[in-house]
Amino acid sequence: MREGDRNIDEARQGEAIQIESTVLNHSEVGVKSKKLFLESYGCAMNFSDSEIIASIMSDAGYSTTKDETEADLILINTCSIREKAEERVRNRLKGFKRYKRKNRDLVVGMLGCMAERLKENLLEQEQLVDLVVGPDAYRDLPSLVKKVNGGQKAVNVLLSREETYAEISPVRLDSAGVTAFVSIMRGCDNMCSFCVVPFTRGRERSRDPQSIVSESLDLFNRGYREVTLLGQNVDSYKWNLDIKGNVKDPSQPVVRFAELLEMVAEVNPELRVRFSTSHPKDMTDEVLHAMSRHENLCKYIHLPVQSGSSSMLKRMNRGYTREWYLGRIAAIKQILPGCELSTDIITGFCGETEEEHQETMTLLKEVGFIMAYNFKYSERPKTLAERKYKDDVPEEVKGARLSEVILHQRRYASELTQKMVGKVYRVLVEGVSKKSEDKFFGRTTHNTVIVFDKGDLKPCDYVNVRALKCTTVTLIGEVTTDKADA
Ligand code: SAH
Ligand code: SF4
Ligand code: F3S
């Protein structure tokens, strides 16, 4: 991940990520390897899915390429979260038409959330793709591609209640080999009224904790020093419990998120653990206590609030009020002093009044987030909001409110970063700084980026760095032997 990219990538939604070249593990002599160009849009979960897709396709004889012009197969892993994310993909697909004219055997496939949402309509209406595969059907990809090679179109958008791709070993895309995503669950059982995810990702299911621990251990043994556990609502992780909370198999342990966190933390104290996304209605004190017991559980929580107004939160069907959210923040500040917070905000959701918007502003000021990912509301087909409420906040008002949030947040984050100057931080070295070849960058436990001289260090090392000065949200420091403050 690049310097400046804050951990979790709601911020990256819509931005394309191309997969680095990978080694083909299917290397029978004489078998000509086919080339796959794979591009991902959307959240970290999609990015993590692309690592699974790369693994499945590698076993089927495809090596990945970064050059789309030489591809035999182009796969786009898509996002539906906002209208704009879909528009971007449509434009991209239109661009691939020119390669199809040159190479009649080229197969273009759409994967992920947009594929799930639009299904076979994509084949019929738009003629941009040959293949449509939803998030739970990636194991079927090799046979679907074969079907297309045989001259047919292919679709599999079946959602599953069980699929977690638990035993598939993802092809790691972070060539620096320092940080990795580990998916711990799929789907979402919440029905936030603005959100398309439950329709595109299906029901929530948790992955076997042993496979999560083994994957984390394997990453550690291969030199990685940070994992980010991923799920749409990690606090709802449960293993060996049914939907009503009854134990499924009494001979097996029950594992909730707090226990899972400790299991992964115990893989090795030198392995940092982050997670996303937490849900305010489900985040328990047990999770916070687990974080306080293990230094390697990073003191940073992404806790999307969406709005600071209880009436808006009700319309959003978020399952909590402003007061409940502030109660969770108070618990974090009490149990984990010094823990930093980030959030997501939607401006201009159905019926939002100026007064309600101002409640978001006061909440932002009261809590003090180090980072906020802010979005204008974008109506999504089939959602509760689309069926029940009018998307009635004018575009300019949505935009003006968004700017107000961004302006406040920028100012606040910069003040907070300035306050970090002077302190010593334990930093995981991630790679070469984008701005200066002779400097490395790394992150503090709070996910703040810090830049410092390379010295004899190398990526994956831990080092203490004193922050000497800062730009808006990045610290600049020097390596020290002094004890770390955090
Ligand atoms: N599971 C996470 C968020 C997943 S989507 C959670 O519950 O917090 C990431 C973010 O996209 C959301 O937090 C929300 O802020 C934003 N988002 C989702 N649907 C949206 C929509 N229709 N319009 C604008 N932003 C949206
Ligand atoms: Fe969407 Fe809500 Fe589920 Fe997050 S918790 S993915 S916002 S429905
Ligand atoms: Fe987008 Fe699907 Fe993620 S809609 S945000 S890629 S779960």
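Look above for the structure.
The structure displayed is predicted, hence computed values, not measured ones.

Student: I tried to follow the nonpolar core on my own but got confused; where do I start?
Tutor: For soluble globular proteins, the rule of thumb is that nonpolar side chains tend to be buried together. Ranked by size, the top nonpolar core spans 61 residues in total, and within it L229, F257 and I301 carry the most contacts. With six residues, helix α8 (residues 257-265) is the largest single contributor of residues to this core. When sequence neighbours within four positions are dropped, the list of residues in contact with L229 reads V182, I184, I212, V234, F257, L261, V264, V273, R274, F275 and S276. Counting 24 residues, the second largest nonpolar core, distinct from the first, contains L36, M57, L131 and V133.

Student: Would you mind showing me how to read empty space enclosed by the protein here?
Tutor: If a probe as big as a water molecule is rolled over the atoms, it shows which places are left empty. This model, assessed by the stated rule, comprises three cavities of 30 Å³ or more. Of the pockets and cavities examined, the largest cavity occupies roughly 650 Å³. Lining of the largest cavity is provided by 42 residues; of these, I81, C195, V197, Q232 and D344 occupy positions nearest its centre. Put simply, the parts of the chain that give the lining of the largest cavity at least two residues each are α1 (44-59), α6 (197-201), β16 (340-347) and β17 (371-376). With four residues, the top contributor of residues to the lining of the largest cavity is α6. The residue makeup of the lining of the largest cavity includes at least three contributed by each of domain 1 (8-156) and domain 2 (179-419). Empty space within the second largest cavity amounts to approximately 70 Å³. As for the second largest cavity, its lining consists of 13 residues, and the residues nearest its centre are I52, P170, S183, R207 and E215. Those elements that provide at least two residues to the lining of the second largest cavity are α1 and β8 (179-183). The residue makeup of the lining of the second largest cavity, split by class, is seven nonpolar, three polar and three charged.

Student: Any chance you could explain the sheet that holds strand β14 (residues 272-276) here in plain terms?
Tutor: The strands that make up a sheet are held in pairs by hydrogen bonds between backbone atoms, and each pair lies either parallel or antiparallel. The strand order across the open sheet built from three strands is β8-β11-β14, with neighbouring strands paired in parallel fashion. In the strand order of this sheet, the two ends are held by β8 and β14, each with one partner. Direction aside, neighbouring strands of the sheet carry axes that sit 25 degrees apart on average.

Student: What is the right way to read the site of ligand 2 from this model?
Tutor: The full set of residues close to ligand 2 is C188, N190, C192, F194, C195, V197, P198, Q232, H279 and R318. With respect to the detected pockets, ligand 2 is housed in the largest cavity.

Student: Which parts of the structure should I look at to understand the site of ligand 3?
Tutor: Taken together, ten residues are adjacent to ligand 3, and C43, C79, S80, C113 and Q232 come closest. At a threshold of 2 Å from the grid points, most atoms of ligand 3 map onto the largest cavity. Residue-level mapping places the shell around ligand 3 at the junction of two domains, with at least three residues from each of domain 1 (8-156) and domain 2 (179-419).

Student: How should I be thinking about the environment of Y373 in this particular structure?
Tutor: For Y373, the position within the fold is in strand β17. Relative accessible area serves as the criterion here: at 4%, Y373 is assigned to the buried category. Spatially, the C-alpha atoms of Y373 and S342 are 8.0 Å apart, while their sequence positions differ by 31 residues.

Student: Before we go on, may I ask you to explain the pairing of β8 in this structure?
Tutor: Here is the key point about a regular strand: its side chains alternate between the two faces of the sheet. Of all five residues in β8, five are buried; the element is thus mostly enclosed. The pairing of β8 with strand β11 (residues 226-230) spans five bridges and is parallel. Bridge pairing in β11 links F181 to T228.

Student: Teacher, can you tell me more about the packing of aromatic side chains here?
Tutor: One pair of aromatic rings is described through two measures. These are the centre distance and the angle between the planes. According to the stated counting rule, one finds eight aromatic pairs in the structure shown. Seen in terms of ring centroids, F194 and F349 are 6.2 Å apart; in terms of plane orientation they differ by 80 degrees. Their pairing is edge-to-face. A residue pair is termed long-range when its members are at least 10 positions apart, and F194 in the loop between β9 (185-186) and α6 and F349 in the loop between β16 and α12 (354-367) qualify at 155 residues. There is no split in this pair, since F194 and F349 are both buried. Their ring planes at 80 degrees and their centres at 4.8 Å tell us that F349 and Y377 sit as a pair that is edge-to-face. One end of the pair, F349, is in the loop between β16 and α12; the other, Y377, is in the loop between β17 and α13 (384-388), with 28 residues separating them in the sequence. Both residues of the pair, F349 and Y377, belong to the buried class.

Student: What exactly am I supposed to notice about the side chain of S63 here?
Tutor: You can see S63 is positioned in strand β3 (residues 62-64). A distance of 3.3 Å separates a polar atom in the side chain of S63 from a polar atom in the side chain of S33.

What counts, and where the lines are drawn
- Each residue is numbered by its place in its chain's sequence as written, counting from 1.
- The naming scheme follows written order: chains are lettered A onward, ligands numbered 1 onward.
- Residues qualify for local features only when their pLDDT is at least 70, as the model is predicted, and side-chain atom pairs are given and counted only at 80 or more; totals for whole chains, interfaces and linings, by contrast, use all residues.
- Excluded from the side-chain calculations are hydrogens and water; all other atoms, namely the structure's heavy atoms, are used.
- The criterion is simple. A nonpolar core is a set of buried Ala, Val, Leu, Ile, Met, Phe, Trp, Tyr and Cys residues joined through side-chain atoms within 4.5 Å.
- Accessible area is worked out with a 1.4 Å probe on protein chains only. A residue is then buried under 20% of its type maximum, exposed over 50%, and partly exposed in between.
- Runs of H or I in DSSP of at least four residues are treated as helices and runs of E of at least two as strands, each being numbered from the N terminus.
- Here a residue-residue contact requires only that any non-hydrogen atoms of the pair lie within 4.5 Å.
- Only protein atoms enter the calculation, which uses a 1 Å grid: trapped sets of points that fit a 1.4 Å probe without letting it out are cavities, open sets showing protein on both sides within 12 Å along at least five of seven lines are pockets, and any residue with an atom within 4 Å of a point is a lining residue.
- Grid points are joined across faces, edges and corners, and a volume is the space filled by probe spheres set on the points.
- As annotated, the domain borders come from an automatic or database domain assignment.
- All residues other than Ala, Val, Leu, Ile, Met, Phe, Trp, Tyr, Cys, Pro, Asp, Glu, Lys and Arg, Gly among them, are scored as polar; the first ten of these are nonpolar and the last four charged.
- At least two DSSP bridges between two strands are needed for those strands to be called paired.
- Angles here are taken between N-to-C directions and fall from 0 to 180 degrees, while the axes themselves are lines fitted to C-alpha atoms, restricted in helices to the stretch in contact.
- Residues are classed as near a molecule or strand on a simple rule: at least one heavy atom within 4 Å of it.
- Assignment to a cavity or pocket requires that more than half of a molecule's atoms be within 2 Å of the site's grid points.
- Between 30 and 60 degrees the pair is tilted, below 30 it is stacked and above 60 it is edge-to-face, where a pair is any two Phe, Tyr or Trp rings, Trp via its six-membered ring, whose centres lie within 6.5 Å.
- Distance and chemistry together define a polar contact, namely a pair of N or O atoms within 3.5 Å, with one atom able to donate a hydrogen and the other to accept it when in protein, and with adjacent residues in sequence counting only for side-chain atoms on both sides.

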